[in-house]
Amino acid sequence: MKQVELDRQFMQQALEQARLAALAGEVPVGAVIVRDGQVIARAFNQPITNHDPSAHAEMLALRQAALAEENYRLPGTTLYVSLEPCTMCAGAMLHARVDRIVYGAADPKTGAAGSVLDVFSLKQLNHQTVIEGGVMAQECGQLLRDFFKERR
């Protein structure tokens, strides 16, 4: 299977997680972490539910993957997330040594993979991560727009 097709397949799973977040009343963001074609973690946003500002989908997925791997480093993994990571999540991904980040919709307010900041482009950092943005961007963005439209 081509990488483009795999990316869409795993982004679809991240979108399923995002839909679970919406059902829970959370901002609909979902994340999936993959190693060697196998999902090792999946999570959705839960800061409201958990009373935890760090309970973003990516952070929860990173914690889950680290426990599953029994290692806080996650080399050889790809993290799929339906919304461009924020600075907090980008930092955690770098510390975890995630090889590749694939995101759906850009985040023009807090995106740290190129929209507002580009944390991943800093050559001074000791780990370089490959970024692929815009995978299923329309679907990911529509889910967010629909969520916020219902709340206004």
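Model, not experiment: these values are computed from the prediction.

Here the focus is the packing of aromatic side chains. Given two aromatic rings, one states the distance between the centres and the angle between the planes to describe the pair. Counted according to the given criterion, the structure contains two aromatic pairs. Ring centres of Phe 10 and Tyr 80 lie 5.4 Å apart, and the angle between their planes is 40°; this geometry places the pair in the tilted category. In this pair, Phe 10 sits in helix 1 (residues 3-23) while Tyr 80 sits in strand 3 (residues 77-83), placing the two residues 70 residues apart along the sequence. What makes Phe 10 buried here is its relative accessible area of 4%. Relative to Phe 148, the ring of Phe 147 lies with its centre 5.2 Å away and its plane at 80°, an arrangement referred to as edge-to-face. The class of Phe 147 is buried, set by a relative accessible area of 6%.

Bringing the UniProt feature "binding site: Zn(2+)" (unreviewed entry) in the protein chain into the picture now. UniProt feature "binding site: Zn(2+)" (unreviewed entry): in the numbering of this structure it lies at His 56, Cys 86 and Cys 89. Despite a sequence span of 34 residues, these residues sit close together in the fold, their greatest C-alpha distance being 9.3 Å. You can see His 56 is positioned in the loop between helix 2 (47-50) and helix 3 (57-69). Leave out the neighbours within four places in its chain, and His 56 touches Asn 45, Cys 86, Met 88 and Cys 89. Topologically, Cys 89 is positioned in helix 4 (residues 87-96).

The rules behind each value
- Residues numbered from 1 in each chain as written.
- Predicted model: local features only at pLDDT ≥ 70, side-chain atom pairs only at ≥ 80, totals over all residues.
- Heavy atoms only, no water.
- Phe/Tyr/Trp six-rings, centres within 6.5 Å; stacked < 30°, edge-to-face > 60°.
- Helix = DSSP H or I, 4+ residues; strand = E, 2+ residues; numbered from the N terminus.
- Buried < 20%, exposed > 50% of the residue type's maximum accessible area, 1.4 Å probe, protein only.
- UniProt positions renumbered as here; feature names shortened; annotations may be inferred.
- Contact = heavy atoms within 4.5 Å.

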